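Observations on the model geometry
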Amino acid sequence: MPWPRNLAKAIKTKVNLAGYTSFKIGGQAKYFFEPKNLKQLQQVLILAKHAGLRVFILGAGSNILVSDSGLDGLVIKLSNKSFKQLDCQGSCLTAGSGLKLNALISFSRNKNLSGLEFLTGIPGTLGGCLMGNAGAWGKAIGELVKQVGVLDYNGKLKLLESKQLKFAYRKSNLNNYIIIWAKLKLLAKEKKAIAAKINQYLLRRKQSQGNNLPNAGCIFKNPACGSAGRLIDNCGLKGMARGGAVISKLHANFILNTGKAKSRDVLSLMDLTRKKVKERFKINLEPEIKIWK
Ligand code: EPU
């Protein structure tokens, strides 16, 4: 596609996506772009729209499975510092969507603001986290959101107030937007107490999920009746392998890449898991990870 001169150099072609994902799996993106600022992002969105090019917004790549055959579209990563700004007014934090959660958690701890600690150890960006209403230990980020600044896929800016936002278990109504920033409501607290909570959550996570091989977090959503991990475990699937992918022996809702896993290996384990859980418990598991193909 002939890109205008100001973008032609910056838009890379045939970029390997495996390195941009926590799973370390995936083929090439036809186009890959890290816009310098909002204006460039708006420009590229309009061009992509006119060209009928599919657009994928990549956060930390920690909740996706990218197809081995790559993506016939434009992958955009909001890695520039213009998408990573941080500011606090009273007990509210305004943060760019490209920020990693751990940066947000450290910043708010240093400002004596509490509320984000439960997200400790989740490797995502704020944008990805909001899109999927990420959570842990019975809480989710949606509960903290006051406002979100978004772009639609025509490049138009919008401000969404909390009453326009809908968050439910691992989902939001932000799917048709690109999240640019969010304002979160936190609570004043002593730094020491915040740090203690962070350490507590880190330890809990390490004990239940401490997988040291590449993975994408929980593969399936928890069904209404409990934990997907427990159901998969009860089907005896821990340690089950396909190619280079294996179901974690520590937490059965994790699939690990032992080195050379392909997306087809992961998909095959996911099929097997759904089939076994359906047979045994009559429950349909739904993927939690996003599958990009
Ligand atoms: N369990 C098993 N076997 C397993 C895994 C879990 O018996 O292989 C049991 C545990 O012993 C526990 C119960 O299942 O009694 C629940 O397990 P856990 O506390 O690990 O929580 P989970 O329901 O499996 C959810 C989220 C996690 C989040 C944790 C902690 C989902 C799909 N998973 O897991 O989120 O970190 O709670 O709050 O909602 C993610 O979103 O990627 C993710 C990992």
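Residues numbered from 1 in each chain as written. Predicted model: local features only at pLDDT ≥ 70, side-chain atom pairs only at ≥ 80, totals over all residues. Heavy atoms only, no water.

Attention now goes to helix 7 (residues 263-281). Because each turn of an α-helix spans 3.6 residues, side chains separated by three or four positions in sequence point in the same direction. Look at helix 7: 26 Å from first C-alpha to last across 19 residues, which is about the 27 Å you get at 1.5 Å a residue. Buried within helix 7 are the following residues: Ser263, Asp265, Val266, Leu269, Met270, Leu272, Thr273 and Val277. Elements in contact with the buried residues of helix 7: strand 4 (64-66), helix 6 (228-234), strand 17 (241-242), strand 18 (245-247), strand 19 (255-257) and strand 20 (290-292). Where helix 7 ends, the next residue or the one after it, Lys282, has phi of about 60°, a positive value. (Helix = DSSP H or I, 4+ residues; strand = E, 2+ residues; numbered from the N terminus. Expected span 1.5 Å × (residues − 1). Buried < 20%, exposed > 50% of the residue type's maximum accessible area, 1.4 Å probe, protein only. Contact = heavy atoms within 4.5 Å.)

Quick look at the environment of Asn37 now. If you trace the backbone, Asn37 turns up in the loop between strand 2 (28-33) and helix 2 (38-51). Each C-alpha atom, one on Asn37 and one on Cys92, is 24 Å from the other, the two residues being 55 residues apart in sequence. Sequence-distant contacts of Asn37, defined by excluding residues within four places in its chain, comprise Ser82 and Phe83. Separated by 3.3 Å, the side chain of Asn37 and the backbone nitrogen of Lys39 make a polar contact. (Polar contact = N/O pair within 3.5 Å; in protein donor to acceptor, adjacent residues only side chain to side chain.)

A word on the site of the ligand. If you check the shell around the ligand, you find 20 residues, and the closest are Trp137, Tyr169, Cys218, Asn222 and Glu288. Within the contact set of the ligand, an oxygen atom lies 2.7 Å away from a side-chain nitrogen or oxygen of Asn222. Contact between the ligand and Asp233: a nitrogen atom at 2.8 Å from a side-chain N or O atom of the residue. Burial of the ligand by the protein chains amounts to 75% of its free accessible area of 820 Å². Elements represented by at least two residues in the shell around the ligand include exactly helix 5 (191-209) and helix 6. Ranked by the residues each element gives to the shell around the ligand, the list is headed by helix 6, at 3 residues. Counted by class, the shell around the ligand contains 7 nonpolar, 7 polar and 6 charged residues. (Near = heavy atom within 4 Å. Areas by Shrake-Rupley, 256 points an atom, 1.4 Å probe, with all protein chains shown as cover. Nonpolar A, V, L, I, M, F, W, Y, C, P; charged D, E, K, R; others polar.)

Let's shift gears to the packing of helix 3 (residues 101-110) against helix 5. Contact geometry of helix 3 with helix 5 gives a least axis separation of 9 Å together with a crossing angle of 155°. With respect to their mutual orientation, helix 3 and helix 5 come out roughly antiparallel. Counted together, Ile105, Arg109 and Asn110 of helix 3 and Lys191, Ile194, Ala195 and Ile198 of helix 5 form the full contact between these two elements. A per-class count over the contact of helix 3 with helix 5 returns 4 nonpolar, 1 polar and 2 charged. (Axes fitted to C-alpha atoms, helices over the stretch in contact; angles between N-to-C directions. Parallel < 35°, antiparallel > 145°, perpendicular 65-115°, else oblique.)

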